[in-house]
Every structure is written in structure tokens, then in C-alpha cells.
Amino acid sequence: MKKLFSLLIIVFLLVGCSSAKYETIDSNYAMKLINDGAYIIDVRTEDEYNTGHIINSVNIPLDIIDTIDYNLDDIIIVYCSTGIRSEEASKKLISMGYNKVYNLDGGLINWGFELEE
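In what follows, the accompanying structure is described.

Rules used throughout
- Residues numbered from 1 in each chain as written.
- Predicted model: local features only at pLDDT ≥ 70, side-chain atom pairs only at ≥ 80, totals over all residues.
- Heavy atoms only, no water.
- Buried < 20%, exposed > 50% of the residue type's maximum accessible area, 1.4 Å probe, protein only.
- Helix = DSSP H or I, 4+ residues; strand = E, 2+ residues; numbered from the N terminus.
- Pairing = 2+ DSSP bridges.
- Right-handed = clockwise from strand over helix to strand, strands pointing away.
- Core = buried A, V, L, I, M, F, W, Y, C linked by side-chain atoms within 4.5 Å.
- Contact = heavy atoms within 4.5 Å.

### Comments concerning the pairing of strand β6 (residues 100-104)
Most of β6 is tucked away, with four of its five residues classed as buried. Where strand β1 (residues 23-25) lies against β6, three bridges are found, and the strand directions are parallel. Residue pairing for β6: E23 is matched across the bridge by Y102. Pairing between strand β5 (residues 75-79) and β6: four bridges, direction parallel. Paired with I77 across the two strands is Y102, which belongs to β6. Read as a crossover between parallel neighbours, the route from β5 over helix α4 (residues 84-95) to β6 is right-handed.

### Description of the nonpolar core
Most often, soluble globular proteins have nonpolar side chains that are buried together. Formed by 15 residues in total, the largest nonpolar core has its most connected members in I41, V43, I65, I68, I76 and L93. Broken down by secondary-structure element, the contributors of at least two residues to this core are β5 and α4. Setting aside its immediate chain neighbours within four residues, V43 contacts I60, P61, L62, I65, V78, Y79, C80, R85, S86 and A89. Counting residues in each nonpolar core, the second largest holds 14 residues, with A30, I34, I40 and I77 among its members.

Okay, here's the thing in C-alpha cells:
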């Protein structure tokens, strides 16, 4: 019984230590990651996306974010207008097994770089 208890403790510690978590980043760090080849996903609606978006971003609205099919180790940055929907998308991507998920702090409001229309 003592061995079983010890084994269970080890399993719980390993599972707890390996759980992935998204990170919230500022626009300067996001731009560095983008320049290094990160994917950038705009989780706003198509209409919002068409009013202006980060250059080279792809529009995958929050309600269909679970349809993406990237490599689980790809670097993915998500954003929306204010950071609220992208936070939800980040949590969803982590739950899907993605390991390198970044949420743009404050969304487009805090972007500070050129947009594409």
C-alpha cells in the first residue's frame, strides 16, 4: 500500500509539472516572435478582421478556433480587440495540446504597429 501511495504521489507531481500554460505578451515581444516565424491568429469576427488586422495574421474566429491544425509545438500568438476573446482562445488551444501559445496583451488596442486592411 505504501508503494502504491508513493507511485500515485509521483504521478500527480509529474502531471502537475508538465501542464502547459499560455503566456500573455506585449506587442514588442509579439513582433519579435512573428519575425522569427510565429503564427498569428486573429480570433475576431470576419467583419472585424476586415476593418484592419495585424499584417500576416489569419482570421480564425473564436467560435471555430478548435478547427486549427498546426503542429502542437508551433509558436502561436492569438489576439482580438482587447485581449478577452484571445485569452479564451489561448485557454482552448492549451487544452487542445498546443505548447507554445501566446496571448497579445490588450489586443489590437495595444498593438502600436502598422495594420493591414
